[in-house]
Amino acid sequence: MAVSLDQKQNYRKLAVKIFTILVGLTCYAIGTALFVLPTDMIAAGTTGLALLAEHYWGISLSGFVAVFNVLMFLLGLIELGKEFALSTLIATFYYPFALDQAIRVVGDHVFTEDPMLCAVFAGLMIGFSLGIVIKAGASTGGMDIPPLVLKKRVGIPVSVSMYAFDFVILLTQLTFRDKEKILYGLIMVMIYTVVLDKVLMMGARQMQVKIVSGQYERISALIQEKLDRGVTLLYIEGGHSGQPSKAVLTVVSPRELARLNSLVTEVDENAFMIISQVGEVHGRGFTLMKKYT
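Cut-offs applied
Residues numbered from 1 in each chain as written. Predicted model: local features only at pLDDT ≥ 70, side-chain atom pairs only at ≥ 80, totals over all residues. Heavy atoms only, no water. Helix = DSSP H or I, 4+ residues; strand = E, 2+ residues; numbered from the N terminus. Expected span 1.5 Å × (residues − 1). Buried < 20%, exposed > 50% of the residue type's maximum accessible area, 1.4 Å probe, protein only. 1 Å grid on protein atoms, 1.4 Å probe; cavity = no way out; pocket = protein on both sides within 12 Å on 5 of 7 lines; lining within 4 Å. Points joined across faces, edges and corners; volume = space filled by probe spheres on them. Nonpolar A, V, L, I, M, F, W, Y, C, P; charged D, E, K, R; others polar. Phe/Tyr/Trp six-rings, centres within 6.5 Å; stacked < 30°, edge-to-face > 60°. Pairing = 2+ DSSP bridges. Axes fitted to C-alpha atoms, helices over the stretch in contact; angles between N-to-C directions. Contact = heavy atoms within 4.5 Å. Patch = residues over 30% accessible without salt bridge, like charges linked within 9 Å, V, L, I, M, F, W, Y side chains within 5 Å. Areas by Shrake-Rupley, 256 points an atom, 1.4 Å probe, with all protein chains shown as cover. Salt bridge = Lys/Arg side-chain N within 4 Å of Asp/Glu carboxyl O. Core = buried A, V, L, I, M, F, W, Y, C linked by side-chain atoms within 4.5 Å.

(A) Geometry of helix H2 (residues 45–57). Between its first and last C-alpha, H2 extends 18 Å over 13 residues, near the 18 Å set by a 1.5 Å rise per residue. Within the sequence span of H2, burial applies to Gly45, Thr46, Gly48, Ala50, Leu51, Leu52 and Ala53. After H2 finishes, the residue Gly58 shows a positive phi value of roughly 70°.

(B) Up close: the layout of surface pockets. If you add up the space inside the largest pocket, you get close to 1,000 Å³. Contributing to the lining of the largest pocket are 35 residues, with Tyr28, Ala44, Thr46, Thr47 and Tyr95 lying nearest its centre. Of all the secondary structure elements, the ones that give two or more residues to the lining of the largest pocket are helix H1 (5–36), H2, helix H3 (61–80), helix H4 (82–106), helix H5 (115–135), helix H7 (158–171) and helix H8 (179–201). At five residues, the largest contribution of residues to the lining of the largest pocket is made by H4. In the lining of the largest pocket, the residues fall into 22 nonpolar, nine polar and four charged.

(C) Here's a closer look at the packing of aromatic side chains. Inspection of every chain in the model, using the stated rule, returns six aromatic pairs. Judged by centre distance (5.7 Å) and plane angle (25°), the rings of Phe35 and Phe121 are stacked. Pair noted here: Phe35 is in helix H1 and Phe121 is in helix H5, with a separation of 86 residues, a long-range link. Under the relative-accessibility criterion, Phe35 is labelled buried at 7%. On the basis of relative accessible area, Phe121 is assigned to the partly exposed category, the value being 38%. When the centroid spacing of 5.8 Å and the interplanar angle of 35° are considered together, the rings of Tyr163 and Phe167 count as tilted. You can see Tyr163 and its partner Phe167 sitting in helix H7, four residues apart, about one turn around the helix. In this structure Tyr163 comes out as partly exposed when scored by relative accessible area, which is 27%. On the accessibility criterion, Phe167 (30% relative accessible area) is partly exposed.

(D) Highlighting the sheet that holds strand E1 (residues 206–212). One open sheet holds the four strands; their spatial order is E2-E3-E1-E4, and the pairing between them is antiparallel. At either margin of the open sheet sits one strand with a lone partner, and together these are strand E2 (231–237) and strand E4 (272–278). Between one strand and the next, the sheet's axes are offset by a mean angle of 25°, whatever the strand orientation. As paired elements, E2 and strand E3 (residues 244–252) share seven bridges and run antiparallel to each other. Bridge pairing links Leu233 to Val248 in E3. The sheet strands contacting helix H9 (residues 216–227) are E1, E2 and E3, and the helix crosses E3 at an angle near 15°. Across the sheet, helix H10 (residues 257–267) is in contact with E1, E3 and E4; its angle to E1 comes to roughly 10°.

(E) Representation of a nonpolar patch on the surface. Side chains of Val67, Val70, Leu71, Leu74, Leu77 and Ile78 sit close together on the surface and give an oily, nonpolar patch of about 560 Å² of accessible area. Structurally, the position occupied by Leu77 is in helix H3.

(F) Here's a closer look at the nonpolar core. Membership of the largest hydrophobic core comes to 49 residues, with the highest contact counts inside it found for Met41, Ile126, Leu130, Met162, Met188 and Tyr192. At the level of elements, H1, H2, H3, H4, H5, helix H6 (145–154), H7 and H8 are the ones that each hand at least two residues to this core. In terms of residues, this core owes the most to one element, H1, which gives nine residues. Look past the residues within four positions of Tyr192 in its chain and what remains in contact with it is Gly123, Ile126, Gly127, Leu130, Met162 and Asp166. Ranked by size, the runner-up nonpolar core spans 14 residues in total, among them Tyr216, Leu227, Val252 and Val264.

(G) View of the pattern of salt bridges. Taken as a whole, this structure holds four salt bridges when the rule is applied. In this structure, Glu79 and Arg153 form a salt bridge, with 2.9 Å as the shortest nitrogen-oxygen distance. One end of the pair, Glu79, is in helix H3; the other, Arg153, is in helix H6, and 74 residues separate them in sequence. For Glu79, a relative accessible area of 15% translates into the label buried. The exposure class of Arg153 is exposed, given its relative accessible area of 58%. We note a salt bridge from Arg229 to Glu256, for which the minimum N-O separation is 3.0 Å. One end of the pair, Arg229, is in the loop between H9 and E2; the other, Glu256, is in the loop between E3 and H10, and 27 residues separate them in sequence. Residue class for Arg229 comes out buried when judged on its relative accessible area of 9%. On the accessibility criterion, Glu256 (15% relative accessible area) is buried.

Laid out in structure tokens, this is it:
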């Protein structure tokens, strides 16, 4: 039976998604093997909770992690959907394998014994890894899932809630772990939170442009024709002249900004342009396919 073009595109998207998740988890495992395990860095997330449970209630580390991950998986299935749960299931099984292989490859080789360098580079690699896994629509499981649920329910940024959870988990270990290692752990968490936020926003930031010109009709037509971007006309009134007019509002990618500026100045070199960066844009040409290519 012939496969339709839409099916081929869906298969291609799925393959890219799975590949991205595997790359992210592999990077996570390498960062852990190189910089976290050799220095016995204090753990946050699910492992940090497991250490608390083991210390205060005598619950085995592996048992707590297994039960907690199952509960979080069910939470993700209910709140975030089957596709998310299945991709997270891939991460749940692949990460332990990747970590085991990374530990074998690294062996006794240590890049650095400086705990500050380990905290910095662990934060960079973990933040990058978490970012591309979450951006691909999955998670590494465990404590990665509550921030995603909070993002969906109340709009709290993933990086903010993840930092808050990890910060509290690390602080609760002050009573029974080396306090200096706790501080290094906090540095690692702060770094990977910043990197995670940057990766999640990568490619999402766009440029909002307002154009004030008497040639607004011609400018609007050129933007739609040459850039294939949507345009909104805003009713305005000149502060000095008091004359009614219209301003052109559009959103373009950063690399399209120079071309837009060129189009506008060709029509009206005295046009007034206000350019600002926006954090996220939804709609055709951004989160939906452009109508024309």
